[in-house]
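Breakdown of the fold
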Amino acid sequence: MRIAVCPGSFDPVTNGHLDIIARASKMFDKVIVAVLKNSSKNSMFALEERVEMLRINSAGLGNVEVDSFSGLLIDFMKLKDAQIIIKGLRAVSDFEYEMQMALMNRKLDSNIETVFMMTSSKYSYLSSSLVKEVARHGGCIHGLVPDLIEEELIKRFNIGG
Ligand code: PNS
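Residues numbered from 1 in each chain as written. Predicted model: local features only at pLDDT ≥ 70, side-chain atom pairs only at ≥ 80, totals over all residues. Heavy atoms only, no water.

**Things to note about the pairing of strand β1 (residues 3-8)**
- Burial within β1 is extensive, with five of its six residues counted as buried.
- Sheet analysis places β1 next to strand β2 (residues 30-36), joined by six bridges and oriented parallel. Of the residues in β2, the one forming a bridge with Ile3 is Lys30.
- On the question of chirality, the crossover connecting β1 to the parallel β2 by way of helix α1 (residues 15-27) is right-handed.
- Summarising the sheet, β1 and strand β4 (residues 84-89) pair through two bridges and their orientation is parallel. (Buried < 20%, exposed > 50% of the residue type's maximum accessible area, 1.4 Å probe, protein only. Helix = DSSP H or I, 4+ residues; strand = E, 2+ residues; numbered from the N terminus. Pairing = 2+ DSSP bridges. Right-handed = clockwise from strand over helix to strand, strands pointing away.)

**Observations concerning a nonpolar patch on the surface**
- On the surface, a cluster of nonpolar side chains totalling about 400 Å² of accessible area is made up of Val92, Phe95, Met99 and Leu103.
- Tracing the chain through its elements places Phe95 in helix α4 (residues 92-108). (Patch = residues over 30% accessible without salt bridge, like charges linked within 9 Å, V, L, I, M, F, W, Y side chains within 5 Å. Areas by Shrake-Rupley, 256 points an atom, 1.4 Å probe, with all protein chains shown as cover. Salt bridge = Lys/Arg side-chain N within 4 Å of Asp/Glu carboxyl O.)

**Here's the deal with the packing of aromatic side chains**
- Tallied over the entire structure, the rule returns one aromatic pair.
- Measuring from centroid to centroid gives 5.5 Å for Phe69 and Phe76, while their planes differ by 35°, and the two rings are tilted. For the pair formed by Phe69 and Phe76, the shared burial category is buried. (Phe/Tyr/Trp six-rings, centres within 6.5 Å; stacked < 30°, edge-to-face > 60°.)

**Some remarks on the pattern of salt bridges**
- Taken as a whole and assessed by the stated rule, the structure comprises nine salt bridges.
- What you see here is one network of salt bridges that share partners, running through Glu49, Glu152, Lys155 and Arg156.

**Structural notes on helix α5 (residues 128-136)**
- By the burial criterion, the buried members of α5 are Ser128, Val131, Lys132 and Ala135. Along α5, the residues classed as buried sweep out an arc of 95° about the axis, all on the same side.
- Of the residues flanking the end of α5, it is Gly138, one or two places downstream, whose phi is positive at about 80°. (Arc of directions from axis to C-beta.)

**A word on the environment of Gly16**
- Mapped onto the fold, Gly16 is located in helix α1.
- Gly16 gets classed as buried once you look at its relative accessible area, which sits at 8%.
- In the structure, Gly16 is positioned 27 residues away from Ser43 in sequence and 19 Å away in space, judged by C-alpha atoms.
- Excluding residues that lie within four positions of it along the chain, Gly16 makes contacts with Tyr123 and Leu126. (Contact = heavy atoms within 4.5 Å.)

**A few points about helix α2 (residues 47-57)**
- Where α2 is concerned, the buried positions are Leu47, Arg50, Val51, Met53 and Leu54. The buried residues of α2 occupy one face: seen down the axis, they fall within an arc of 160°.

So this is what it looks like as structure tokens:
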């Protein structure tokens, strides 16, 4: 069984992430979306919220499950018996850091392969941080994130002033 892991912070999940997850689900027997319990990064959404939002929005994909991890990604992969890391590439600017991570992961475990997928062009400029920044200043984020997250972001930034 080919099991792929799609790791990230997902703070919050965007339609760009969901596009990669849906396309990956067609390529592998199982896709595990792995949400990082990031202790160093200050996340806007709690781990449970990030996991829940991914679960709700990938519920239609039968072979996708959502889990969380801390520590090294390759240790989580061993635990799940997964062999492939899926990453989305938006632009050349993503390449350098992604290449570094792919090579480090392969050094740590030579059985792990990283597979890069090109993001759909309509999402190529999209990132969780940009979505939060635009929402913080009252800009329109419609179509960039699932509707539930759009509502939640608007609510949080309104309450925060
Ligand atoms: O969405 P992000 O923040 O770009 O995702 C980064 C992520 C989670 C893929 C990366 O930080 C990661 O794999 N962290 C786990 C720690 C680890 O394994 N580090 C070594 C990888 S080179």
